[in-house]
Amino acid sequence: IKYRKLEREHGVLTKEMQKNWIVSDMIGKGPAMREVFDLVQRVAQATARQFTGITVKTIEELLSDIPQIANIGSTISELRKRGIVVILASIQWNFLVEPFANKYGFHSYCGTRMKIRDGILTGEIEDYCTAQDKSLFFLNACRTLNITLSDTIAIGDSKSDHPVFQKAGITI
């Protein structure tokens, strides 16, 4: 109940954040932890506001010109032909992840969600996607598709990939 109150006061709390807050409270550092979380929230919200009023279509057009990994489309296509499921887990904005995932044929994807009304970004964060959320997305995809963790390969390039790396059979 105490953490539901904190969630109302401070916004979205992931399970990982809740664990951190519980431990912080136990060692007498709860207020300091909430202060750091509030700062992170304010930065995320300020970043989100920069997208206010931009259409999803404009974002998709801008994304069509960015550099991408050579041969990613043909690689994912070949993997899919061989029955290999390819998912994309990111902490980036969902409106940046979705066009990429759709263009190259990823089975499913996740990212931080911003509210969109009538195809226009509102600048309001709907749901954060943290490193722990990426790991949960990965685990849920494996469970849903009946894939054993030892049969998975995780490819990543950031600290937010570490929780997935701890669960995947092979990591790159």
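Refer to the structure above for everything that follows.
The structure displayed is predicted, hence computed values, not measured ones.

1. Details of the overall build of the chain
A count of helices and strands for the chain gives 8 helices and 5 strands. Helices and strands appear in the chain in the N-to-C order α-α-α-α-α-β-α-β-β-α-β-α-β. Sequence-distant contacts, at least 24 apart, represent 49% of the contacts inside the chain between residues at least 6 apart.

2. Focus on the side chain of Asp161
Tracing the backbone shows Asp161 in the loop between β4 (153-154) and α8 (162-165). Judged by its relative accessible area of 8%, Asp161 falls in the buried class. When sequence neighbours within four positions are dropped, the list of residues in contact with Asp161 reads Lys134 and Gly156.

3. Observations concerning the sheet that holds strand β3 (residues 120-127)
Here we have 3 strands laid out as an open sheet, ordered β1-β2-β3, and mixed in their pairing. The open sheet has two free edges, formed respectively by β1 (87-93) and β3, since each of these has just one partner strand. Taking each pair of neighbouring strands and ignoring which way they run, the sheet shows an average axis angle of 45°. As paired strands, strand β2 (residues 108-117) and β3 are joined by 4 bridges and run antiparallel to one another. Opposite Met114, over in β3, you have Ile125 as the bridge partner. Across the sheet, helix α3 (residues 30-49) is in contact with β1, β2 and β3; its angle to β3 comes to roughly 160°.

4. Structural notes on the environment of Lys103
Tracing the backbone shows Lys103 in helix α6 (residues 94-104). Looking at Lys103, the relative accessible area reads 52%, which means it is exposed. In this structure, the C-alpha to C-alpha distance between Lys103 and Ser64, residues 39 residues apart in sequence, is 9.7 Å.

5. Digging into the environment of Arg49
Mapped onto the elements of the fold, Arg49 is located in helix α3. Taking the C-alpha atoms as reference points, Arg49 and Glu124, separated by 75 residues in sequence, lie 6.8 Å from one another.

6. Observations concerning the pattern of salt bridges
Counted under the stated rule, the structure contains 5 salt bridges. Between Arg113 and Asp127 there is a salt bridge whose closest N-O contact spans 3.5 Å. Here Arg113 is found in strand β2, whereas its partner Asp127 is found in strand β3, with 14 residues between them in sequence. According to the relative accessible area criterion, Asp127 is partly exposed, its value standing at 27%. Here Glu124 makes a salt bridge to Lys115, at a shortest N to O gap of 3.6 Å. Overall, Glu124 belongs to the partly exposed group, its relative accessible area being 33%.

7. Focus: the nonpolar core
In this structure, Ala44, Ala48, Phe51, Val56, Ile59, Leu63, Trp93, Phe95, Met114, Leu121, Ile125 and Tyr128 together form the largest nonpolar core, which totals 12 residues. Counting only elements with at least two residues in this core, the list comes to α3, α4 (56-63) and β3. Apart from residues no more than four positions distant in its own chain, Met114 is found in contact with Ala48, Phe51, Trp93, Phe95, Leu121, Thr122, Gly123, Glu124, Ile125 and Glu126. Counting 8 residues, the second largest nonpolar core, distinct from the first, contains Leu88, Ala101, Tyr104 and Phe106.

Criteria and cut-off values
Residues numbered from 1 in each chain as written. Predicted model: local features only at pLDDT ≥ 70, side-chain atom pairs only at ≥ 80, totals over all residues. Heavy atoms only, no water. Helix = DSSP H or I, 4+ residues; strand = E, 2+ residues; numbered from the N terminus. Contact = heavy atoms within 4.5 Å. Buried < 20%, exposed > 50% of the residue type's maximum accessible area, 1.4 Å probe, protein only. Pairing = 2+ DSSP bridges. Axes fitted to C-alpha atoms, helices over the stretch in contact; angles between N-to-C directions. Salt bridge = Lys/Arg side-chain N within 4 Å of Asp/Glu carboxyl O. Core = buried A, V, L, I, M, F, W, Y, C linked by side-chain atoms within 4.5 Å.

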